[in-house]
Amino acid sequence: MADPMKIRAAMSGDKVEVKVLMSHEMETGQRKDSKGATIPAHFIQNVTATHNGKVVLSAQWGPAVSKNPFLSFKFAGGKPGEKVSITWTDNKGDKRTDEATIA
Amino acid sequence: MDSNRRKVLKGTGGMAVMGLAASAGLFQPGSAWAQAWNKAAFETKNMADTVKAMGGASAAESKEIVITSPDIAENGAVVPFTIASRLPKTEAIALLVEKNPNALAASFDIPAGTEAGVTTRVKMGQTSNVTALVKADGKFYYTTKEVKVTLGGCGG
């Protein structure tokens, strides 16, 4: 299991601003190791953010997203104290979900 | 010891809730589609092909899309991008780096109520045009910006 995500969710005017820092290798499948063998790709493919069971953002990523990916977005309809949940799935089927409380 | 046990319980509880929510169909029908990874789109080499793989015919240039990024990126491994769209009914935002091995870097689905703007960081192999592709009201629009890279992010 991968390390936990760092999630910040805070009110910004009438919207909720969410910032997520994920911990992931994001290996592209283009690099080679010291023996010349290709390092297999290992990257996050799908990210879903939910609030009260409703999807507020979903993303599909390729291997070009940077190592330890950062994501930030804003959505309407959230209130302080409510939870925002983020889930990612990578190309090896690994999965992680973390949540944060809106400040 | 006791606190460890707490953590384990909390962890498994959280997973179970997610599973329940999914099986009870609490998620929007759209999310089932969103869960699938568009392999064809991520294998494309240029924007025209990406648009086709995402289900569009062609894209028009638009000044209503704004790419915020450094003009010169010192480290190609981490280039921050903010893409904002002022087009009404923006449904999806995608980021393409023309000279990367595969053009499409990331795509985001924007449901109603979510601001049409995302920030993320991508790798760039070399100086390249970066295109923000936006799907709004069923049509595709784009804007392009050149970003210079001093140190590539795809080398070994």
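Residues numbered from 1 in each chain as written. Chains lettered and ligands numbered in written order. Predicted model: local features only at pLDDT ≥ 70, side-chain atom pairs only at ≥ 80, totals over all residues.

**Focus on the overall build of chain B**
Thought 1: Counting its secondary structure elements, chain B contains four helices and nine strands.
Thought 2: Each helix and strand of chain B, ordered N terminal to C terminal, gives the series α-α-α-α-β-β-β-β-β-β-β-β-β.
Thought 3: Relative to its 156 residues, chain B shows a buried fraction of 33%.
Thought 4: Of the contacts formed within chain B by residues at least 6 apart in sequence, a portion of 65% connects residues at least 24 apart. (Helix = DSSP H or I, 4+ residues; strand = E, 2+ residues; numbered from the N terminus. Buried ≥ 20, exposed ≤ 12 C-beta atoms within 10 Å, placed from the backbone. Contact = placed C-beta atoms within 7 Å.)

**Description of the overall build of chain A**
Thought 1: Of the regular secondary structure elements, chain A holds zero helices and seven strands.
Thought 2: Its helices and strands taken in sequence order, chain A reads β-β-β-β-β-β-β from the N to the C terminus.
Thought 3: Counting only C-alpha atoms and orienting by the principal axes, one finds that chain A spans roughly 55 × 20 × 20 Å.
Thought 4: Buried positions account for 39% of the 103 residues belonging to chain A.
Thought 5: Sequence separation of 24 or more characterises 54% of the internal contacts of chain A that already satisfy a separation of 6 or more.

**Quick notes on the sheet that holds strand 2 (residues 15-21) of chain A**
Across a sheet, strands are paired by hydrogen bonds formed along the backbone, either parallel or antiparallel in direction.
Thought 1: Taken in spatial order, the six strands line up as 1(A)-2(A)-5(A)-7(B)-4(B)-2(B) in an open sheet, and their pairing is antiparallel. The sheet is open, and its two borders are formed by strand 1 (6-12) of chain A together with strand 2 (65-68) of chain B, each paired with just one other strand. Each adjacent strand pair in this sheet contributes to an overall mean axis angle of 15°, direction not counted.
Thought 2: Here strand 4 (residues 79-85) of chain B pairs with strand 7 (residues 114-122) of chain B via six bridges, running antiparallel. Residue pairing in the sheet places I83 of chain B in a bridge with V118 of chain B of strand 7 of chain B. (Pairing = 2+ DSSP bridges. Axes fitted to C-alpha atoms, helices over the stretch in contact; angles between N-to-C directions.)

**Notes on the interface of chain A and chain B**
Thought 1: With 32 residues of chain A at the contact, the number on the chain B side is 38 residues.
Thought 2: Class assignment of the residues belonging to the side of chain A that touches chain B gives a composition of 13 nonpolar, 13 polar and six charged.
Thought 3: Sheet analysis places strand 4 (residues 54-61) of chain A next to strand 6 (residues 104-109) of chain B, joined by four bridges and oriented antiparallel. The residue of strand 6 of chain B that forms the bridge with Q60 of chain A is S107 of chain B. (Nonpolar A, V, L, I, M, F, W, Y, C, P; charged D, E, K, R; others polar.)

**Let's talk about the nonpolar core**
Thought 1: Of all hydrophobic cores here, the largest spans 59 residues; its most connected members are I93, L95, L96, A105, A106, V122 and L133 of chain B.
Thought 2: Among the elements that make up this core, the one with the highest residue count is strand 5 (residues 90-97) of chain B (six residues).
Thought 3: Among all residues touching A105 of chain B, those that are not within four sequence positions of it are G62, A64 and V65 of chain A together with L95, L96, V97, N100 and V122 of chain B. (Core = buried A, V, L, I, M, F, W, Y, C linked by C-beta atoms within 7 Å.)

**Let's talk about the pairing of strand 5 of chain B**
Residue and element names in this part refer to chain B.
Thought 1: The buried fraction of strand 5 is high, at seven of eight residues.
Thought 2: Note that strand 5 and strand 8 (residues 128-136) share seven bridges and pair antiparallel. From the neighbouring strand, L96 faces strand 8, where its bridge partner is T131.
Thought 3: Taking the residues between adjacent antiparallel strands as the criterion, strand 5 and strand 6 are bridged by six residues.

**With respect to unusual backbone geometry**
Thought 1: With a phi angle near 55°, M26 of chain A is a residue other than glycine that sits in the positive phi range.
Thought 2: For M26 of chain A, a count of 23 C-beta atoms within 10 Å translates into the label buried.
Thought 3: Residue K89 of chain B is not a glycine yet carries a positive backbone phi of 55°.
Thought 4: Take K89 of chain B: there are 13 C-beta atoms within 10 Å of it, and that puts it in the partly exposed class.

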